[in-house]
Amino acid sequence: MKEFDQLCKEFEQLDIVSYNAYLAEKSAAVIPVLSDIAEDGVVGTSIFFSFIMGAIAADGRFSEEEYALIYPLLQVFFGDSIDYEECKKVFKAFRKENKQLKKLVDQMVDILGLLSEELKDDIVIICMMICAIDGKISQKEKKWIKQLIA
């Protein structure tokens, strides 16, 4: 992987078309592998969703940009449309449960240990991109991402 800060800057500066294309490409590579590891497609998708949730919760804020990004996944998981205000409530509760976030990071690191370096890098890149959706990867987000890399 390129140097961490350089990658952060690149993702912060991506235009929306490139951002969506690159994120879709990386996600398409990762989801099938996670599904194979889990031996259950739904569980594999849940693992991927956990990475996305962790990336969104890393800075303690939940923006409309992040909601727009995860909305298609929410539809897959919950079927019905879930509005932004309802999601904000869920993330607020999730943020308050700091132990839950720490446990999630531990689980993510364990999962990353099962993957090839290339796929591990892809997942970290996806997380970085999600953190960069608002144009800035905060120090809290960088700290969270570095936990995944370690």
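Right, let's walk through the structure included here. These figures come from a predicted structure and were not determined experimentally.

1. Points about the overall build of the protein chain
- Scanning the protein chain for helices and strands turns up eight helices and zero strands.
- Listing the helices and strands of the protein chain from first to last along the sequence gives α-α-α-α-α-α-α-α.
- In the protein chain, which comprises 150 residues, the proportion classed as buried is 45%.
- Once local pairs closer than 6 in sequence are excluded, the contacts in the protein chain between residues at least 24 apart make up 70%.
- Surface accessibility of the protein chain: about 8400 Å² in total, with carbon and sulfur atoms responsible for 53%.

2. Here we look at helix α8 (residues 139-149)
- Of the residues making up α8, those classed as buried are Glu141, Lys142, Trp144, Ile145 and Leu148. When α8 is viewed along its axis, its buried side chains cluster within an angular range of 160° and face the same direction. Those residues of α8 that are exposed and aimed more than 90 degrees away from the buried face are Gln139, Lys140 and Lys143.

3. Overview of the environment of Leu148
- Looking at the element boundaries, Leu148 is found in helix α8.
- Expressed as a C-alpha distance, the spacing of Leu148 and Phe51, which sit 97 residues apart in the sequence, is 9.9 Å.
- Discounting chain neighbours no more than four positions away, the residues touching Leu148 are Phe51, Met108, Val109, Leu112, Lys120, Val124 and Cys127.

4. Considering the nonpolar core
- Phe51, Met128 and Trp144 are the most contacted members of the largest nonpolar core, which totals 46 residues.
- Looking at this core, the element that brings in the most residues is helix α7 (residues 117-131), giving 10 residues.

5. Notes on the state of the cysteines
- Counting across every chain of the model gives zero disulfides.
- Distance from the sulfur of Cys127, which forms no disulfide, to the nearest cysteine sulfur (Cys131) is 6.8 Å.

6. Points about the packing of α7 against α8
- Put simply, α7 and α8 touch, their axes get as near as 10 Å, and they point 170° apart. The angle between α7 and α8 places the two elements in the roughly antiparallel class. Where α7 abuts α8, its residues Lys120, Val124, Cys127, Met128 and Cys131 lie against Glu141, Trp144, Ile145, Leu148 and Ile149.
- Among the residues forming the contact of α7 with α8, the class breakdown is eight nonpolar, no polar and two charged.

7. Description of the pattern of salt bridges
- All chains considered together, the criterion is met by two salt bridges.
- Between Asp5 and Lys142 there is a salt bridge whose closest N-O contact spans 4.0 Å. Here the residue Asp5 occupies a position in helix α1 (residues 4-12), and Lys142 occupies one in helix α8, the gap between them amounting to 137 residues.
- Among the residues examined, Lys142 registers a relative accessible area of 13% and is labelled buried.
- Linking Lys26 and Asp122 is a salt bridge whose minimum nitrogen-to-oxygen distance equals 2.8 Å. Of this pair, Lys26 sits in helix α2 (residues 16-38) while Asp122 sits in helix α7, and the two are 96 residues apart along the sequence.

Conventions adopted
Residues numbered from 1 in each chain as written. Predicted model: local features only at pLDDT ≥ 70, side-chain atom pairs only at ≥ 80, totals over all residues. Heavy atoms only, no water. Helix = DSSP H or I, 4+ residues; strand = E, 2+ residues; numbered from the N terminus. Buried < 20%, exposed > 50% of the residue type's maximum accessible area, 1.4 Å probe, protein only. Contact = heavy atoms within 4.5 Å. Areas by Shrake-Rupley, 256 points an atom, 1.4 Å probe, with all protein chains shown as cover. Arc of directions from axis to C-beta. Core = buried A, V, L, I, M, F, W, Y, C linked by side-chain atoms within 4.5 Å. Disulfide = S-S within 2.5 Å. Axes fitted to C-alpha atoms, helices over the stretch in contact; angles between N-to-C directions. Parallel < 35°, antiparallel > 145°, perpendicular 65-115°, else oblique. Nonpolar A, V, L, I, M, F, W, Y, C, P; charged D, E, K, R; others polar. Salt bridge = Lys/Arg side-chain N within 4 Å of Asp/Glu carboxyl O.

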